[in-house]
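Coordinate inspection notes
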Amino acid sequence: MKLAEALGLRADLQKRISQLEERLKTNVRIQEGEEPAEDPDELFKALNTALAQLEDLIFRINLTNMETLSQGEVLTSLIARKDVLSLRISVLRNVLAEAAGTNNRYSMNEIRYIRTVNVAQMQKYIDDLSRTLRELDVRIQQANWNTDLL
């Protein structure tokens, strides 16, 4: 199995666990005199099985990421860089939105706000970071599809 396939399987398992949680919540407490729609014991068994599979898969994905090199760097390092770069872009976009906001003054007596950053320069910086993020993501995806899961 390729690493990319394992990542898809991980997402499916996480979704299944979430669904099992919801099914359990609707079946662990019922009105007196009623029967549960599903057997909670069977749902707990299915949950435990899915959690065990997820644990094993996460371990194998992490192990594979630590062992896989892309242009001399381990995949784990690239993923960490991507996560922080995504966070940086998100924060900067939020700051830029605040800086680029309009001044709503109803009269000359109201407080006037001024920008303390160059909006155009900041937007260019965010665009450059976004391009770097896309390139990094392509590099990671390429490694995911070319690497066998350990």
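Residues numbered from 1 in each chain as written. Predicted model: local features only at pLDDT ≥ 70, side-chain atom pairs only at ≥ 80, totals over all residues. Heavy atoms only, no water.

Below, the discussion takes up the side chain of Thr147. When you line up the elements, Thr147 lands in the segment after helix 4 (119–146). By relative accessible area, Thr147 is classed as buried at 13%. A polar side-chain atom of Thr147 sits 2.6 Å from the main-chain carbonyl oxygen of Ala143. Setting aside residues up to four positions removed in sequence, Thr147 forms contacts with Met1, Lys2, Leu3, Thr64 and Thr68. (Helix = DSSP H or I, 4+ residues; strand = E, 2+ residues; numbered from the N terminus. Buried < 20%, exposed > 50% of the residue type's maximum accessible area, 1.4 Å probe, protein only. Polar contact = N/O pair within 3.5 Å; in protein donor to acceptor, adjacent residues only side chain to side chain. Contact = heavy atoms within 4.5 Å.)

Taking 1.5 Å of rise per residue, the 25 residues of helix 1 (residues 3–27) would be expected to cover 36 Å, and the 36 Å separating its terminal C-alpha atoms lies within 8% of that figure. Listed in full, the buried residues belonging to helix 1 are Leu3, Ala4, Ala6, Leu13, Ile17, Leu20, Leu24 and Asn27. Residues of helix 1 that are buried in the fold lie against helix 2 (40–67), helix 3 (75–100) and helix 4. (Expected span 1.5 Å × (residues − 1).)

The biggest cluster of nonpolar side chains holds 18 residues, and the ones touching the most others in it are Leu57, Ile61, Leu75 and Leu149. The set of elements that each furnish at least two residues to this core consists of helix 1, helix 2, helix 3 and helix 4. With near-sequence residues (within four places) excluded, Leu57 lies in contact with Ala6, Leu9, Arg10, Leu13 and Leu149. Counting eight residues, the second-largest nonpolar core is a separate cluster that includes Leu92, Leu96, Ile126 and Leu129. (Core = buried A, V, L, I, M, F, W, Y, C linked by side-chain atoms within 4.5 Å.)

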